[in-house]
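A look at the structure
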Amino acid sequence: MDLRALRYYVAAVETGSITAAAEQCHVAQPSISLAVSKLESELDTLLLERGKKGVRTTRAGRELHHMARRLLAQSDALVKHFQQSAPLPPLRIGLDLVVSLERVKALLARLAPLQSRMQLELLRGEENTDIRIVSRDRCPENYYFNPLWRDEYCLLLPADHPLSLRGQLGVSDLNGIGLVERSFCDLSGQWRAFAERHQLDFAITARTDNEEWALALVAAGVGACLAPQGIDASAPDGIIAIPLSQIEGFPDIKRELGLAWSPLLRTEIKEALLPLFD
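The sections below set out a description of the structure shown in this document.

Calculation notes
- Residues numbered from 1 in each chain as written.
- Predicted model: local features only at pLDDT ≥ 70, side-chain atom pairs only at ≥ 80, totals over all residues.
- Heavy atoms only, no water.
- Salt bridge = Lys/Arg side-chain N within 4 Å of Asp/Glu carboxyl O.
- Helix = DSSP H or I, 4+ residues; strand = E, 2+ residues; numbered from the N terminus.
- Buried < 20%, exposed > 50% of the residue type's maximum accessible area, 1.4 Å probe, protein only.
- Expected span 1.5 Å × (residues − 1).
- Arc of directions from axis to C-beta.
- Polar contact = N/O pair within 3.5 Å; in protein donor to acceptor, adjacent residues only side chain to side chain.
- Contact = heavy atoms within 4.5 Å.
- 1 Å grid on protein atoms, 1.4 Å probe; cavity = no way out; pocket = protein on both sides within 12 Å on 5 of 7 lines; lining within 4 Å.
- Points joined across faces, edges and corners; volume = space filled by probe spheres on them.
- Nonpolar A, V, L, I, M, F, W, Y, C, P; charged D, E, K, R; others polar.
- Phe/Tyr/Trp six-rings, centres within 6.5 Å; stacked < 30°, edge-to-face > 60°.
- Core = buried A, V, L, I, M, F, W, Y, C linked by side-chain atoms within 4.5 Å.
- Pairing = 2+ DSSP bridges.

Scanning all chains against the criterion turns up 9 salt bridges. Measuring nitrogen to oxygen at the nearest pair gives 3.8 Å for the salt bridge that ties Arg92 to Glu121. In this pair, Arg92 sits in strand S3 (residues 90-95) while Glu121 sits in strand S4 (residues 119-124), placing the two residues 29 residues apart along the sequence. In this structure, Glu181 and Arg207 form a salt bridge, with 2.6 Å as the shortest nitrogen-oxygen distance. Of the two residues, Glu181 is situated in strand S8 (residues 178-182) and Arg207 in strand S9 (residues 203-208); the sequence distance between them amounts to 26 residues. In this structure Glu181 comes out as buried when scored by relative accessible area, which is 17%.

Structure (structure tokens):
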């Protein structure tokens, strides 16, 4: 017996109309009528009585409706059981070192609806991933890039640092300052070149390859830090952020973070990610 025909029949009985059943099942009316006729022929009995106001079940039709509902529920349960048992396809997400924990948490919240369709895997590094969370400057060649966040670079200072009390800072005020170096920063070379050009003597007091550790070092008073404004969203108490654009002589530096993906990305993943870009 055709399960689809049973579904069409149940819809006709429960809506009381061939037309309403067709709308509910998203098919043309003849499909519903044909399904009912096939069932009546197969069972050699009248199931529905047609009238101007719709359809009514016969005694046999009521019996079939009850049995069909139970059979369809068992069929749905069977499919659901094996779908849950089958391993979900993985969605491998490569995390760039410049992505803070707060940003990762925000993105994962947006990816939460995908949990029923695929298994999320977070990986450090750039190989064997479906998508990558990177800055625009680090987006691999020929990859698509969709921006999610735009940050201005800042000077992060401990709250009790002498420079935090200044109303206006200039480049020369940074001479001799102790810095916590973010060793993974894309702009490390530019900072060194800038310091040489302006004859600034930066003392590197600590190095770290982790955004949260950089914040902790600044908050502990180990040194200041040149970092994108976005990483201070979860900053511990005791950190002051001064945009570089407000420091006389410093260029206005910004960065974009977003998702990068290969043109070869699987279609089902592309479709699942589309709502993130609205």
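More follows now that the structure is in view.
The next subject is helix H3 (residues 29-43). With 15 residues, H3 ought to run about 21 Å at 1.5 Å a step, and its terminal C-alpha atoms sit 22 Å apart, in line with that. Regarding H3, the residues found buried are Ile32, Ala35, Val36, Leu39 and Glu40. Buried residues of H3 fall within an arc of 130° about the axis and therefore sit on the same side. H3 presents Pro30, Lys38, Ser41 and Glu42 as exposed residues on the side facing more than 90 degrees away from its buried surface.

Bringing the side chain of Asp130 into the picture now. As for its placement among the helices and strands, Asp130 is situated in the loop between S4 and strand S5 (131-135). Asp130 gets classed as buried once you look at its relative accessible area, which sits at 13%. Here the side chain of Asp130 touches Arg92 through a polar contact of 2.7 Å, landing on its backbone nitrogen. Discounting chain neighbours no more than four positions away, the residues touching Asp130 are Pro90, Leu91, Arg92, Trp261, Ser262, Leu265, Arg266 and Ile269.

Attention now moves to the layout of surface pockets. The computed volume of the largest pocket comes to approximately 220 Å³. Sorting the residues of the lining of the largest pocket by element identifies S8 and helix H6 (188-197) as the ones contributing at least two each. When its residues are assigned to classes, the lining of the largest pocket shows 9 nonpolar, 1 polar and 3 charged.

The next point concerns the packing of aromatic side chains. Evaluated as defined, the whole model comprises 4 aromatic pairs. Through pairs of rings, three or more aromatic residues link up here, namely Tyr153, Trp191, Phe194 and Phe250.

Counting 23 residues, the largest nonpolar core has Leu155, Ile177, Trp191, Leu244 and Phe250 as its most contacted members. Elements with a contribution of two residues or more to this core: strand S6 (144-158) and H6. Beyond its immediate sequence surroundings of up to four residues, Phe250 is in contact with Val171, Leu174, Trp191, Phe194 and Leu244. The next biggest cluster of nonpolar side chains, apart from the first, holds 20 residues, and it includes Tyr9, Ala11, Ile32 and Leu72.

Turning our attention to the pairing of S9. Relative to S9, S8 runs parallel, the two being bridged by 5 bridges. What sits directly across from Val180, in S9, is Ala206.

A word on the side chain of His161. Examined against the element boundaries, His161 turns out to sit in the loop between S6 and strand S7 (169-170). Judged by relative accessible area, which is 19%, His161 ranks as buried. A polar contact of 3.1 Å, which involves the side chain of His161, links it to the backbone nitrogen of Leu163.

With that out of the way, let us pick up the environment of Leu108. By the secondary structure assignment, Leu108 is in helix H5 (residues 101-111). Since its relative accessible area comes to 27%, Leu108 is described here as partly exposed. Here the alpha-carbon distance between Leu108 and Leu120, two residues 12 residues apart in the chain, equals 9.0 Å. If we ignore the near neighbours within four places in the chain, the residues touching Leu108 are Leu120 and Leu122.

Look at Asp44: it is not a glycine, yet its phi comes out positive at around 55°. Overall, the relative accessible area of 71% leaves Asp44 in the exposed class. Unlike most non-glycine residues, Asn142 shows phi in positive territory, near 75°. By secondary structure assignment, the location of Asn142 is in the loop between S5 and S6.

When we look at burial in helix H2 (residues 18-25), the residues that qualify are Ile18, Ala21 and Ala22. With its buried residues spanning 100° around the axis, H2 presents them on a single face. Summarising the contacts, the buried residues of H2 are in contact with helix H1 (3-15), H3 and strand S2 (54-57). For H2, the N-terminal cap is Ser17; the gap from its side-chain oxygen to the backbone nitrogen of Thr19 is 3.1 Å. Of the residues trailing H2, His26 is marked for its positive phi of about 60°.

Function-wise, these values are silent; they only describe arrangement.
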